[in-house]
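The residues making up each chain are set out below.
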Amino acid sequence: MTLQTVLLFLGGVLYGMVVGFLGQKIIHSTAVKAAPRNDKEAQKMARKIMGRWWLKLGIDALALFVLFRVVPMMLGAALGIYVMQKVFIFKAIKKQG
């Protein structure tokens, strides 16, 4: 493993963390609204969250597709996206508990 490979991997991790952070903020901006008062509001909120989830998935896929020829960077980006997803899940669990 060369220094260049390690640097590409670390750059990919940083890139993935930024992409993951932005994706989670997109979802979080909808999910933090007040609890729905009726079934119609609940369905509307669920559709909005699902739409944002698909948008986040598309952004993640595009971010990885851009790097498909630079394998160490792509693997680092995938790891960064995954880590940011887990960080936000742990933060949400910690807030509730």
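Here's a quick rundown of the structure. Predicted, not measured: the structure shown is a model, and the values here were computed from it. (Residues numbered from 1 in each chain as written. Predicted model: local features only at pLDDT ≥ 70, side-chain atom pairs only at ≥ 80, totals over all residues. Heavy atoms only, no water.)

## A short note on the overall build of the protein
Alright, step 1. Along the backbone of the protein there are 3 helices and 0 strands.
Alright, step 2. Tracing the protein from N to C terminus, the helices and strands come up as α-α-α.
Alright, step 3. Against the globule reference of 13 Å for 97 residues, the protein gives a C-alpha radius of gyration of 16 Å, more extended than a compact globule.
Alright, step 4. With the C-alpha coordinates of the protein rotated into their principal frame, the extents come out at 60 × 30 × 10 Å.
Alright, step 5. Per-residue burial for the protein yields a buried fraction of 21% across its 97 residues.
Alright, step 6. Put simply, 70% of the contacts in the protein that link residues at least 6 apart link residues at least 24 apart.
Alright, step 7. Only carbon and sulfur atoms are counted for the fraction: they give 70% of the accessible area of the protein, which is about 7300 Å². (Helix = DSSP H or I, 4+ residues; strand = E, 2+ residues; numbered from the N terminus. Rg over C-alpha atoms; globule rule 2.2 N^0.38 Å. Buried < 20%, exposed > 50% of the residue type's maximum accessible area, 1.4 Å probe, protein only. Contact = heavy atoms within 4.5 Å. Areas by Shrake-Rupley, 256 points an atom, 1.4 Å probe, with all protein chains shown as cover.)

## Describing the environment of Leu-79
Alright, step 1. Relative to the elements of secondary structure, Leu-79 occurs in helix α3 (residues 71-96).
Alright, step 2. Placed 59 residues apart in sequence, Leu-79 and Gly-20 show a C-alpha to C-alpha distance of 9.7 Å.
Alright, step 3. Excluding anything up to four places from it in sequence, Leu-79 contacts Phe-9 and Val-13.

## Structural notes on the environment of Met-84
Alright, step 1. Counting through the fold element by element, Met-84 comes out in helix α3.
Alright, step 2. For Met-84, a relative accessible area of 11% corresponds to the buried category.
Alright, step 3. Considered as a pair, Met-84 and Ala-46 are 38 residues apart in the sequence and their alpha carbons are 23 Å apart.
Alright, step 4. The residues contacting Met-84, other than those within four sequence positions of it, are Met-17, Gly-20, Phe-21 and Gln-24.

## Focus: the pattern of salt bridges
Where charged atoms of side chains with opposite charge meet at close range, the side chains can pair.
Alright, step 1. Applying the stated criterion across every chain, the model contains 2 salt bridges.
Alright, step 2. Note that Arg-37 and Glu-41 form a salt bridge whose closest N and O atoms lie 3.2 Å from each other.
Alright, step 3. The exposure class assigned to Glu-41 is partly exposed, which follows from its relative accessible area of 30%. (Salt bridge = Lys/Arg side-chain N within 4 Å of Asp/Glu carboxyl O.)

## Describing helix α2 (residues 39-66)
For an α-helix, 3.6 residues make a turn, and residues three or four places apart therefore share a direction.
Alright, step 1. Look at α2: 40 Å from first C-alpha to last across 28 residues, which is about the 40 Å you get at 1.5 Å a residue.
Alright, step 2. Among the residues of α2, Met-45, Lys-56, Asp-60 and Ala-63 are the ones counted as buried.
Alright, step 3. The N-terminus of α2 is capped by Asn-38, whose side-chain oxygen sits 3.2 Å from the backbone nitrogen of Lys-40. (Expected span 1.5 Å × (residues − 1). Polar contact = N/O pair within 3.5 Å; in protein donor to acceptor, adjacent residues only side chain to side chain.)

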